[in-house]
Number of protein chains: 2
Amino acid sequence: MSSPTIKDVAKLAGVSISTVSRVMNDSKPVSPEARRKVIDAINKLDFKPNELARSLVMKRSNLIGVIVKDIGISYMAQIVRGIEEIGRMYKYDILLSSTYGDIEQESKIMDFMLTKQVEGIVMISEDTNPEVIYKLKNQSAPFIHLDKFYDYEDTHTVSIDYVNASKEMTNYLIKQNHKRIIFLEEFTGTKIGKAKQKGYIDVMEENGLEAIIMNAAGINIKGGYDISEKILEKAVKEDVSAVFCAEDELAIGLLNYCYDHNVKVPENISIAGFGDVPLASIYRPSLTTVREPYYDIGAVSMRKLVKELKENQKIIDNTILPSELIERESVLKI
Amino acid sequence: MSSPTIKDVAKLAGVSISTVSRVMNDSKPVSPEARRKVIDAINKLDFKPNELARSLVMKRSNLIGVIVKDIGISYMAQIVRGIEEIGRMYKYDILLSSTYGDIEQESKIMDFMLTKQVEGIVMISEDTNPEVIYKLKNQSAPFIHLDKFYDYEDTHTVSIDYVNASKEMTNYLIKQNHKRIIFLEEFTGTKIGKAKQKGYIDVMEENGLEAIIMNAAGINIKGGYDISEKILEKAVKEDVSAVFCAEDELAIGLLNYCYDHNVKVPENISIAGFGDVPLASIYRPSLTTVREPYYDIGAVSMRKLVKELKENQKIIDNTILPSELIERESVLKI
DNA sequence: GTGAAAGCGCTAACAG
DNA sequence: CTGTTAGCGCTTTCAC
């Protein structure tokens with residue numbers, strides 16, 4: 001009826017349970033004969049060890065808790081892929097839970113995962129609540145905190161150099177002969193938001209160009225779409241030829257608006273994004289953007305976690321991964 | 001140092017561990033005084049019960065294994081959302097693992113999940129290997145098998161009525177005055193593939209129209225893109241005005257090709273898809289398609305699993321969910 | 001109401 | 001090399 005246990009195997013093989021355990025784990029020498037008998041019994045019974053029991057005594061669950069805002073958000077799914085693939089290499093499994101941005105859930109789920117004895121936690125959110133970060137930092141398991149927008153001080157994370165990435169894109173735009181460039185963001189005062197803005201402003205100033213910043217109400221496609229009318233108005237009035245969006249989602253929103261209103265991209269206006277979400281390369285015109293290496297962010301996060309777990313010490317730092325400017329169709333090239 | 005156990009709580013509260021257990025689970029009456037003392041102790045120690053130990057003795061892991069081809073595939077992520085949200089209602093957690101289509105992995109992961117004592121399994125794949133299905137059916141845990149293409153006989157799944165959905169779209173196209181309509185598919189001989197094809201052919205015949213079927217080499221954006229030149233050639237030569245793609249991905253590939261080659265959609269040619277992947281509504285022109293309710297498919301799957309678990313009996317059947325024709329821009333309306 | 005004790009399935013000394 | 005035994009942290013009889 002219920003699945004066979006190590007006892008059943010031992011009985012059938014005519015040895016003690018220790019011997020069975022030993023052949024399963026190769027933890028101690030076992031005579032060839034006993035080994036054979038055990039293996040036979042295992043096969044005959046189709047025995048599968050109960051990892052729960054194993055975890056209990058070993059005090060190692062081999063579980064990593066991944067708390068994600070919404071697994072349907074494609075870049076988050078990319079991060080999870082990275083976590084999972086590296087996790088698999090080290091025999092870690094993923095316990096996945098979504099919060100949908102609800103801070104109570106974030107907190108509850110964290111507790112719950114600890115209860116399930118996860119050995120580490122990766123929290124993938126957007127605009128994480130400070131309380132949650134506090135809690136994350138004050139619980140016992142090592143963690144990584146990944147937030148596209150909210151780069152908290154002194155948290156353990158993996159990201160790119162936002163100032164520099166933003167500079168690179170601004171420089172690129174200028175090199176393509178754009179002089180009047182709007183920077184579209186939703187300014188929330190976050191460290192990352194400031195960094196992107198700074199990169200843009202610095203380069204514009206260096207080149208004696210005026211920084212023109214506009215604000216969207218929400219970092220998503222709708223946010224980009226809704227501000228588009230104003231942007232386009234300003235563009236014709238003030239001779240703007242390019243818009244640098246702080247997030248791909250904003251750029252897609254703008255692109256959608258342009259399509260809906262017969263504005264040709266990049267002929268009439270150039271649009272650049274930031275992120276390189278999967279959609280950016282599929283959409284037409286394809287989006288010129290800065291690639292944030294989501295998969296790698298996940299993979300490196302997991303590697304760091306594994307290292308912490310192995311060395312049994314908590315680390316608090318920020319690993320910087322390289323970003324890359326991806327030239328596509330949405331920016332007019334000279 | 002290491003986290004407090006029920007013993008520590010008992011000691012601090014001056015009661016036995018049984019009493020602590022009883023207040024935690026409300027399983028038996030406890031005197032108000034003892035209850036208070038226990039609760040105090042729990043709070044003081046920030047005690048969190050070890051679910052692993054609990055699962056071991058209760059023989060209930062509260063874990064559902066979700067085996068997914070690739071969590072980065074957006075419609076799969078939508079399904080997982082549905083699974084997760086319903087799972088949460090019943091206190092089930094998600095153990096997530098990706099296979100990347102590798103059949104050895106599919107099999108290994110399944111074993112591994114059983115080892116972790118998952119109570120049920122949801123397998124979300126594409127073109128699942130028969131061996132894997134066989135194995136899925138012959139293991140002990142209840143399962144749901146979700147495959148967009150491969151509708152195996154006698155498996156436990158949740159889907160839509162493909163023949164009917166395909167008929168609906170074909171009828172719609174005809175109503176929009178299209179007479180020469182290409183059906184683009186990658187014919188793999190699967191039940192679902194046949195169903196979609198049948199829906200199209202039946203309606204075309206009913207209307208005295210010729211069925212024109214073309215084959216892509218792969219059900220993905222590239223597959224659609226690569227066959228596009230031929231399609232467009234045939235379209236001009238044979239006066240075809242619409243293409244009904246058996247999958248949204250094929251339609252997006254075709255749309256991309258049209259954009260790249262200055263073919264206007266829907267003015268020059270109308271394109272319809274099947275699926276309503278998230279991208280379909282974002283892309284411009286937005287894609288007229290058949291909505292497969294991915295989230296609901298996940299949610300209903302989980303409900304079925306919960307029911308099986310509760311009633312402790314395996315069910316093998318196919319739940320049919322309603323689909324919906326989504327009118328957007330890619331098909332020229334009269 | 002409450003505590004002592006057995007046991008979930010497994011690993012890891014310990015003694016042979 | 002192998003078996004016996006003592007737990008891992010918890011739930012659940014079974015007495016009291």
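Provided above is the structure to which this section pertains.
A short tour of the structure in this document, coming up.

## Topic: the protein's contact with DNA strand D
Here is step 1: By nearness alone, 26 residues border DNA strand D, and Ser18, Ser31 and Lys59 of chain A together with Ile6 and Arg54 of chain B come closest of all.
Here is step 2: Among all atoms of DNA strand D positioned within 4 Å of the protein, those belonging to sugar or phosphate total 66%.
Here is step 3: Between DNA strand D and the protein, one listed contact pairs a phosphate oxygen with a side-chain N or O atom of arginine 54 of chain B at 2.5 Å.
Here is step 4: Those elements giving two or more residues to the surface near DNA strand D turn out to be helix H2 (17-25) and helix H4 (51-58) of chain A together with helix H1 (6-13), helix H2 (17-25) and helix H4 (51-58) of chain B.

## Quick word on the sheet that holds strand E7 (residues 212-215) of chain B
Residue and element names in this part refer to chain B.
Here is step 1: Ordered in space as E7-E6-E8-E9, the 4 strands form an open sheet in which the pairing is parallel. Because the sheet does not close on itself, it has two edges, and the strands there are E7 and strand E9 (270-272). The mean angle between the axes of side-by-side strands here comes to 25°, regardless of whether they run parallel or antiparallel.
Here is step 2: Helix-sheet contacts for helix H10 (residues 221-238) involve strand E6 (181-185), E7 and strand E8 (242-245), and the interaxial angle to E7 is about 160°.

## So, the sheet that holds strand E2 (residues 93-98) of chain A
Here is step 1: In spatial order, the strands read E4(A)-E3(A)-E1(A)-E2(A)-E2(B)-E1(B)-E3(B)-E4(B); together these 8 strands make up an open sheet with mixed pairing. Two strands close off the open sheet at either side, each with one partner strand: strand E4 (143-147) of chain A together with strand E4 (143-147) of chain B. Looking at each pair of strands side by side, their axes are set apart by 20° on average, direction ignored.
Here is step 2: Of the strand pairs in this sheet, strand E1 (residues 63-68) of chain B and strand E3 (residues 120-125) of chain B are connected by 5 bridges, and their pairing is parallel. In the sheet register, valine 68 of chain B faces E3 of chain B, and the bridge partner there is isoleucine 124 of chain B.
Here is step 3: Sitting on the sheet, helix H6 (residues 103-115) of chain A touches strand E1 (63-68), E2 and strand E3 (120-125) of chain A together with strand E2 (93-98) of chain B, and the angle it makes with E1 of chain A is about 175°.

## Let's talk about the environment of tyrosine 75 of chain A
Residues and elements named next belong to chain A.
Here is step 1: Mapped onto the elements of the fold, tyrosine 75 is located in helix H5 (residues 74-89).
Here is step 2: On the accessibility criterion, tyrosine 75 (3% relative accessible area) is buried.
Here is step 3: Between the alpha carbons of tyrosine 75 and isoleucine 212 there is a distance of 28 Å; along the sequence they are 137 residues apart.
Here is step 4: Look past the residues within four positions of tyrosine 75 in its chain and what remains in contact with it is Ser125, Glu126, Lys148, Val277, Pro278 and Tyr294.

## Overview of the interface of chain B and chain A
Here is step 1: Taken together, the contact between chain B and chain A spans 49 residues of the former and 49 residues of the latter.
Here is step 2: For the pairing of chain B and chain A, the buried interface totals around 4400 Å² over both sides, and the portion due to carbon and sulfur atoms is 56%.
Here is step 3: The interface formed by chain B and chain A contains 5 salt bridges.
Here is step 4: Between aspartate 111 of chain B and lysine 48 of chain A there is a salt bridge, with the nearest N and O atoms lying 4.0 Å from each other.
Here is step 5: If you look at where chain B meets chain A, you find 22 residue pairs in polar contact (both at pLDDT 80 or more).
Here is step 6: Looking at the side of chain B that touches chain A, the elements that each hand over two or more residues are H4, helix H5 (74-89), E2, helix H6 (103-115), H10, helix H11 (248-260) and helix H12 (278-282) of chain B.
Here is step 7: A per-element tally of the side of chain B that touches chain A places H5 of chain B first, with 7 residues.

## Some details on the side chain of glutamate 308 of chain B
All names here are of chain B.
Here is step 1: Mapping glutamate 308 onto the fold places it in helix H13 (residues 294-311).
Here is step 2: A polar atom in the side chain of glutamate 308 sits 3.1 Å from the backbone nitrogen of isoleucine 315.
Here is step 3: Other than its neighbours up to four places away in sequence, glutamate 308 contacts Pro142, Phe143, His156, Gln313, Lys314 and Ile315.

## Here's the deal with the side chain of serine 330 of chain B
Residues and elements named next belong to chain B.
Here is step 1: Within the secondary structure layout, serine 330 lies in the segment after strand E12 (324-326).
Here is step 2: The exposure class assigned to serine 330 is buried, which follows from its relative accessible area of 0%.
Here is step 3: Polar side-chain contacts of serine 330 include one of 2.9 Å to the backbone nitrogen of threonine 288.
Here is step 4: Those residues in contact with serine 330 that lie beyond four places of it in its chain are Val265, Pro266, Ile269, Ser270, Ile271, Pro285, Ser286, Leu287 and Thr288.

## Here we look at the protein's contact with DNA strand C
Here is step 1: In the region of DNA strand C, 26 residues are neighbours, and Ile6 and Arg54 of chain A together with Thr19, Ser31 and Lys59 of chain B sit closest.
Here is step 2: The share of sugar and phosphate among atoms of DNA strand C within 4 Å of the protein is 67%.
Here is step 3: Contact between DNA strand C and arginine 54 of chain A: a phosphate oxygen at 2.5 Å from a side-chain N or O atom of the residue.
Here is step 4: Sorting the residues of the surface near DNA strand C by element identifies H2 and H4 of chain A together with H2 and H4 of chain B as the ones contributing at least two each.
Here is step 5: Top contributing element to the surface near DNA strand C by residue count: H2 of chain A, with 5 residues.

## What about the packing of H10 of chain B against H11 of chain B?
All names here are of chain B.
Here is step 1: Closest axis-to-axis distance for the H10/H11 pair is 7 Å, and the angle between their directions is 55°. The orientation of H10 with respect to H11, classified from their angle, is oblique. Taken as a pair, H10 and H11 cross one another with a handedness that is right-handed. Across the interface between the two elements, Ile221, Gly223, Gly224, Tyr225, Ser228, Glu229, Ile231 and Leu232 from H10 touch Glu249, Leu250, Ile252, Gly253, Leu254, Asn256, Tyr257, Cys258 and Asp260 from H11.
Here is step 2: For the contact of H10 with H11, the class distribution of residues is 9 nonpolar, 5 polar and 3 charged.

## Section: unusual backbone geometry
Residue and element names in this part refer to chain A.
Here is step 1: Geometrically, the link from valine 265 to proline 266 is a cis peptide bond, its omega value of 5° lying close to zero.
Here is step 2: Looking at the element boundaries, proline 266 is found in the loop between helix H11 (248-260) and strand E9 (270-272).
Here is step 3: Here arginine 284 and proline 285 are connected by a cis peptide whose omega angle stands at -5°.
Here is step 4: Along the chain, proline 285 turns up in the loop between helix H12 (278-282) and strand E10 (289-291).
Here is step 5: A positive phi angle, close to 50°, is found at tyrosine 100, a residue other than glycine.
Here is step 6: Here tyrosine 100 lies in the loop between E2 and H6.
Here is step 7: Non-glycine residue asparagine 312 carries a positive phi angle of around 55°.
Here is step 8: By the secondary structure assignment, asparagine 312 is in the loop between helix H13 (294-311) and strand E11 (318-321).

Criteria and cut-off values
Residues numbered from 1 in each chain as written. Chains lettered and ligands numbered in written order. Predicted model: local features only at pLDDT ≥ 70, side-chain atom pairs only at ≥ 80, totals over all residues. Heavy atoms only, no water. Near = heavy atom within 4 Å. Polar contact = N/O pair within 3.5 Å; in protein donor to acceptor, adjacent residues only side chain to side chain. Helix = DSSP H or I, 4+ residues; strand = E, 2+ residues; numbered from the N terminus. Pairing = 2+ DSSP bridges. Axes fitted to C-alpha atoms, helices over the stretch in contact; angles between N-to-C directions. Contact = heavy atoms within 4.5 Å. Buried < 20%, exposed > 50% of the residue type's maximum accessible area, 1.4 Å probe, protein only. Buried area = accessible area lost by both parts, 1.4 Å probe. Salt bridge = Lys/Arg side-chain N within 4 Å of Asp/Glu carboxyl O. Parallel < 35°, antiparallel > 145°, perpendicular 65-115°, else oblique. Left-handed = near helix turned anticlockwise from the far one by under 90°. Nonpolar A, V, L, I, M, F, W, Y, C, P; charged D, E, K, R; others polar.

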